[in-house]
Amino acid sequence: MSSSIHAVKAPVAPSAKPPEGRAAGVPKVPISRELLGVFFCLLAAIFYTGSNVSLRYLAGAQVSPVAVIFVKELVAVLALGPVLIYQFLVGRKVFVSLRVVGVLVLIGLAVQLLANLGQQWALGIIGLAVTSPAIFAAMLGSSALLGFVLLGERVSWQGLLAVLLVILAIVSLSHSVHGTKNMGISSESSTPLEGPQQETAEPLPRTNDSVTQKQDSAGGLLQSPLKTHSPTLMLLAIGACCGAGVIYSLLGIAIRWARLQGATVESTVFLITLMGVVGLGPLLVTQVPWEATALDNPHMLFWMVLSGIGNLLGFAAITKGYQMTRVLYANMSNATQVAFGAVAGVVLFGEVINVWLLLGVTLTLAGVLLMGYTAARENHRPRQLSPSGTGTEDRC
């Protein structure tokens with residue numbers, strides 16, 4: 001019986017089996033887990049860039065940074081709040097300990113009141129093309145130094161070289177903003193589009209409109225020009241970006257420490273974003289004029305909500321990516337975020353492009369890749385709490 005079945009199958013095998021074998025072999029080869037991780041990291045870079053584009057548009061429209069960050073963080077709170085409530089109702093432990101909650105609350109307040117507000121203010125001064133690589137460079141350099149100071153991690157010569165590269169990148173980016181006034185990229189007056197300060201835009205003479213049109217013809221697809229500022233104010237904006245980068249590095253350390261203590265990603269992100277709502281809410285009510293919030297402007301409110309959605313999806317994607325791929329591949333994917341930010345600033349908003357900007361972006365990319373290569377070489381060791389091995393822009 002079995003031999004007769006074998007005899008029936010034998011003639012069919014030579015002609016039909018090879019093509020079926022090739023077709024059947026395709027699903028048997030699963031998509032590489034590391035390749036999927038790279039995909040999530042690239043997706044995170046796209047989401048983060050989309051969020052930054054929204055923030056830059058709102059900065060050009062002169063919407064209050066307090067209102068912008070408040071709405072951006074409120075999106076995450078409203079999205080994650082029901083998830084935590086459900087976990088609590090089904091008997092899961094939402095927050096692991098008061099100590100973890102206290103640390104996340106403190107770092108969350110620093111992120112919201114200093115880093116996020118500083119970044120949003122800087123976007124309105126120097127634009128996205130400079131802000132994005134400046135924050136990333138400061139974050140990468142400080143993560144290596146903080147790992148050495150706080151955690152006693154050894155910094156290799158490759159790590160020191162990466163820190164030197166990003167320091168040079170910050171210097172180069174600082175030089176790039178000096179040329180904006182002389183290159184005629186920024187307009188002398190800002191004309192928000194359908195924004196909350198339309199009253200101030202109407203009295204502008206036609207001569208200013210020609211200046212704005214000159215900037216738009218330089219390549220800006222989204223009409224959201226910036227004012228021309230003094231070199232001193234621009235350097236202060238670079239300093240705000242560097243401070244934000246350091247705080248984001250501390251945020252990365254706090255997040256990884258909280259995970260080691262058993263905190264879930266949902267509860268961690270919820271607490272940090274909740275500090276934006278709690279910390280900025282009183283300022284929004286008492287210190288910001290209603291017309292500067294644009295909360296009654298559907299167009300501007302759309303961009304605020306969009307920035308929150310992009311930021312939340314970016315964080316979820318980068319968390320998934322680091323679970324599935326090597327540090328080197330993740331860093332190479334994240335390095336695209338620097339390039340995306342610079343390209344978006346130039347193409348979408350017509351921001352300045354010069355040799356100093358290109359050099360700063362290049363040095364930042366080199367530092368990211370070198371740091372990722374160093375981390376990948378040490379990845380065979382037992383996994384430890386290491387903020388310097390990522391280069392990820394952990395933001396909430």
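Residues numbered from 1 in each chain as written. Predicted model: local features only at pLDDT ≥ 70, side-chain atom pairs only at ≥ 80, totals over all residues. Heavy atoms only, no water.

### Brief notes about a nonpolar patch on the surface
Thinking step 1. On the surface, a cluster of nonpolar side chains totalling about 590 Å² of accessible area is made up of I85, Y86, F88, L89 and V90.
Thinking step 2. Along the chain, F88 falls in helix α3 (residues 65-89).
Thinking step 3. Note on F88: relative accessible area 59%, which makes it exposed. (Patch = residues over 30% accessible without salt bridge, like charges linked within 9 Å, V, L, I, M, F, W, Y side chains within 5 Å. Areas by Shrake-Rupley, 256 points an atom, 1.4 Å probe, with all protein chains shown as cover. Salt bridge = Lys/Arg side-chain N within 4 Å of Asp/Glu carboxyl O. Helix = DSSP H or I, 4+ residues; strand = E, 2+ residues; numbered from the N terminus. Buried < 20%, exposed > 50% of the residue type's maximum accessible area, 1.4 Å probe, protein only.)

### So, the packing of helix α4 (residues 98-126) against helix α11 (residues 265-286)
Thinking step 1. Remark: α4 packs on α11, axes separated minimally by 8 Å, with the N-to-C direction vectors making an angle of 55°. Between α4 and α11, the interaxial angle falls into the category oblique. Helix-helix and strand crossings are classified by hand; for α4 and α11 the assignment is right-handed. In this structure, α4 uses V101, L104, V105, G108, L109, Q112, L113 and L117 to contact α11, whose residues at the interface are T268, L271, I272, T273, M275, G276, G279, L280 and L283.
Thinking step 2. Classifying every residue of the contact of α4 with α11 gives 11 nonpolar, 6 polar and no charged. (Axes fitted to C-alpha atoms, helices over the stretch in contact; angles between N-to-C directions. Parallel < 35°, antiparallel > 145°, perpendicular 65-115°, else oblique. Left-handed = near helix turned anticlockwise from the far one by under 90°. Contact = heavy atoms within 4.5 Å. Nonpolar A, V, L, I, M, F, W, Y, C, P; charged D, E, K, R; others polar.)

### Let's talk about the packing of α3 against α4
Thinking step 1. It is at 9 Å that the axes of α3 and α4 come closest, and there the two elements cross at 115°. Seen along the crossing, α3 lies across α4 with a hand that is right-handed. Only Q112, N116, L117 and Q120 of α4 make contact with α3, whose side of the interface consists of P65, V66, V68, I69, K72 and E73.
Thinking step 2. In the contact of α3 with α4, the residues fall into 5 nonpolar, 3 polar and 2 charged.

### Observations regarding the confidence of the model for the protein
Thinking step 1. Averaged over every residue, the pLDDT of the protein is 76; residues scoring 70 or more account for 71%.
Thinking step 2. Per-residue pLDDT, averaged within each element of the protein, yields its smallest value for helix α9 (residues 206-216) (35) and its largest for α3 (95).
Thinking step 3. Scored below 50 in pLDDT, residues 181-219 makes 70 contacts in the model with residues more than four places away or belonging to other chains. (pLDDT = per-residue confidence, 0-100.)

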